[in-house]
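Each chain, letter by letter, is given below.
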Amino acid sequence: MAVSSGYIKLDFTRLTPEEQLNQVSDYTATMEQRRSVRSFSNRPVPEAVIEKVIHSAGTSPSGANQQPWTYVLIQDPEVKRAIREAAELEEQQRLENIGIDQTDMLNMTGNKDYLEEAPYLVALFKINYGLTTDGTEQKIKHYYVQESAHISAGFFLAALQHAGLDSLVHAPVLAAQDILGRPKNESPSLLFAVGYAKDDYQAPSLKRRPLSEIVNTPSPFSTEILQAPEYLPRPKMEEQQQVAKANTYYEHIRRRRNVRHYSTEEVDIQLLHYAIRAAATTPSGGNLQPYRFAIVSDMETKQKIRELAEIEEKKLYEQRISEEWRDTLAPLGTNWKKPHLTDAPHLIVAFKVDENPNEANVLDQSLLYPKNNFAMESAAMAVGVLMGGLHHAGLCTLTHTPSPMTFLRDLLHRPKNEVPFVLLPVGYPAPDCEVPDITKKPLSEILVKF
């Protein structure tokens, strides 16, 4: 919840152009080496490293700073086995429900040994509403839960990669709600298998969409289809060294703040390109990559976006908003006026993509049915990875969510199956920039262990 004791001057260190390029290119190169791993060794993983990675995920932005996520760290073999069995049963039932025959089912599902092999499973639960107990139970509304929880998952994914850990992102296991004893206001969101690949592990051949399909930008990307790199084994490190590596990443990412006051100074668009290249490595069901980005830099279009956003925001603040929501937003000092949409030199609009089953070229058509391809989860994770890249580029941003947002799709001439869900102004902070004096939940409030 956004509890503020006023405003403080933004702690921002300006980097040289060379430092900006070096930091973001290093971040991107690290993310581009990420491969999903489906076969884990018994090589031990220091628990302190996982904890620090989850702590990094907790620095992610969220609607009204409500931080609607819980990470459950699972090491107990019996609990991992129960989750594996539940995952296999749920996958079988899903395929049966959409008419996949038994032979095809066996080819599609395979085994889920990795859910037991991995030293750790990390289950992400989104907190749909808050609870208070004062004689009677009372619900506290949470805002933008789906987007916020999965942007946090993107922060988690980037922190894993930079800590030198392997992982696989798995669909949520619904039975985990009961297996892990989570409260009724939470629901399973994603499941990560975390550890190190077996010594002889070879990732399957994988092609990624050309970047020109992922992003619409004034400076075009290559149209070349990308081949994902071969899997490279993680170098072995002493525990102290690996903990220090994870802690270094945390100390850097925790300094990121949402910024609403921007300098109009120009920003090299290549820095944004590097960050989006990193975001394009985000895993997705069936490798659909159901995320797109549009960079807007010309003042005429930014002005139009601001005008349309302010029309919707004015209606929100004056007509649609509840008193509860008004009280929740009050500590952040927001209102319907959005000067950051024209002051920031660049805007990035993020879209989730709903694929058409009759047009998509994927092997597993079952992934294209509603609620099966996890388009929002993947797209929001990609935004989390993107924001990490922008921060490493020495830039500031803000997760802005004008409501409703469909005007962005129409204005930018995007197809109907692309749904905008967040708008990121990108630039340098204004010289006198202040931010709300708010804090993040301690690790003890977002982490549960088994």
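A short tour of the structure in this document, coming up.

Thresholds, definitions, all that
- Residues numbered from 1 in each chain as written.
- Predicted model: local features only at pLDDT ≥ 70, side-chain atom pairs only at ≥ 80, totals over all residues.
- Heavy atoms only, no water.
- Salt bridge = Lys/Arg side-chain N within 4 Å of Asp/Glu carboxyl O.
- Helix = DSSP H or I, 4+ residues; strand = E, 2+ residues; numbered from the N terminus.
- Buried < 20%, exposed > 50% of the residue type's maximum accessible area, 1.4 Å probe, protein only.
- Pairing = 2+ DSSP bridges.
- Contact = heavy atoms within 4.5 Å.
- Axes fitted to C-alpha atoms, helices over the stretch in contact; angles between N-to-C directions.
- 1 Å grid on protein atoms, 1.4 Å probe; cavity = no way out; pocket = protein on both sides within 12 Å on 5 of 7 lines; lining within 4 Å.
- Points joined across faces, edges and corners; volume = space filled by probe spheres on them.
- Phe/Tyr/Trp six-rings, centres within 6.5 Å; stacked < 30°, edge-to-face > 60°.
- Lys NZ or Arg CZ within 6 Å of the ring centre and 35° of its normal.
- Polar contact = N/O pair within 3.5 Å; in protein donor to acceptor, adjacent residues only side chain to side chain.

## Some remarks on the pattern of salt bridges
Piece 1. This structure, assessed with the given rule, holds 19 salt bridges.
Piece 2. Between glutamate 265 and arginine 14 there is a salt bridge whose closest N-O contact spans 2.8 Å. On the criterion of sequence distance, the pair formed by glutamate 265 in the loop between helix H9 (239–253) and helix H10 (269–279) and arginine 14 in the loop between strand E1 (7–9) and helix H1 (17–32) is long-range, its members being 251 residues apart.
Piece 3. Exposure remark for arginine 14: the relative accessible area of 42% places this residue in the partly exposed category.
Piece 4. Here arginine 182 makes a salt bridge to glutamate 186, at a shortest N to O gap of 2.9 Å.
Piece 5. The network of salt bridges with common partners includes Glu78, Arg81, Arg84, Glu88, Asp113 and Glu116.

## Quick notes on the environment of lysine 304
Piece 1. You can see lysine 304 is positioned in helix H11 (residues 299–320).
Piece 2. The sequence separation of lysine 304 and leucine 411 amounts to 107 residues, and the corresponding C-alpha distance is 8.5 Å.

## Regarding the sheet that holds strand E11 (residues 291–296)
Piece 1. In space, the five strands of this open sheet follow the order E9-E11-E12-E14-E13, with mixed pairing throughout. Unpaired on one side and paired on the other, strand E9 (215–216) and strand E13 (396–397) mark the two borders of the sheet.
Piece 2. Where H10 meets the sheet, it contacts E9, E11, strand E12 (346–353) and strand E14 (418–427), and its direction lies at approximately 175° from that of E11.
Piece 3. Here helix H14 (residues 375–392) sits on the sheet in contact with E11, E12, E13 and E14, set at roughly 10° to E14.

## Looking at the environment of glycine 427
Piece 1. Mapped onto the secondary structure, glycine 427 falls in strand E14.
Piece 2. Ignoring sequence-local partners within four residues, the contact set of glycine 427 consists of Tyr262, Val267, Pro345, Leu395 and Cys396.

## Observations concerning empty space enclosed by the protein
Piece 1. According to the stated counting rule, one finds one cavity of 30 Å³ or more in the structure shown.
Piece 2. Approximately 40 Å³ is the volume found for the largest cavity.
Piece 3. As for the largest cavity, its lining consists of Ile83, Ala123, Phe125, Pro172, Val173, Ala176, Pro188, Leu190 and Leu191.
Piece 4. Those elements that provide at least two residues to the lining of the largest cavity are strand E3 (120–127) and strand E7 (186–195).
Piece 5. Counting residues per element, the lining of the largest cavity draws most heavily on E7, which supplies three residues.

## Re the packing of aromatic side chains
Piece 1. Under the definition given, this model contains four aromatic pairs.
Piece 2. Taken together, a centroid distance of 5.6 Å and an interplanar angle of 80° make the contact between tyrosine 201 and tyrosine 231 edge-to-face. Of this pair, tyrosine 201 sits in the loop between E7 and strand E8 (207–208) while tyrosine 231 sits in the loop between strand E10 (226–227) and H9; the two residues are 30 residues apart in sequence, bridging distant segments of the chain.
Piece 3. A relative accessible area of 12% places tyrosine 201 in the buried class.
Piece 4. For tyrosine 231, a relative accessible area of 11% translates into the label buried.
Piece 5. For the pair tyrosine 291 and phenylalanine 293, a centre-to-centre distance of 6.4 Å together with 40° between the ring planes defines the contact as tilted. For the pair tyrosine 291 and phenylalanine 293, one class covers both residues: buried.
Piece 6. Aromatic ring contacts, followed pair by pair, group Tyr71, Phe156 and Phe192 into a single cluster.
Piece 7. Across the ring face of tyrosine 428, the terminal group of arginine 14 is positioned such that the distance to the ring centre comes to 3.7 Å.

## Quick notes on H10
Since there are 3.6 residues in each turn of an α-helix, residues three or four apart along the chain are aligned in direction.
Piece 1. Of all 11 residues that make up H10, eight are buried, and the element is covered over most of its length.
Piece 2. Among the residues making up H10, those that are buried are Ile269, Leu271, Leu272, His273, Ala275, Ile276, Ala278 and Ala279.
Piece 3. Close packing links the buried residues of H10 with H1, E9, E11, E12, H14 and E14.
Piece 4. One side-chain oxygen at the N-terminal end of H10 lies 3.0 Å from the backbone nitrogen of glutamine 270; it belongs to aspartate 268.

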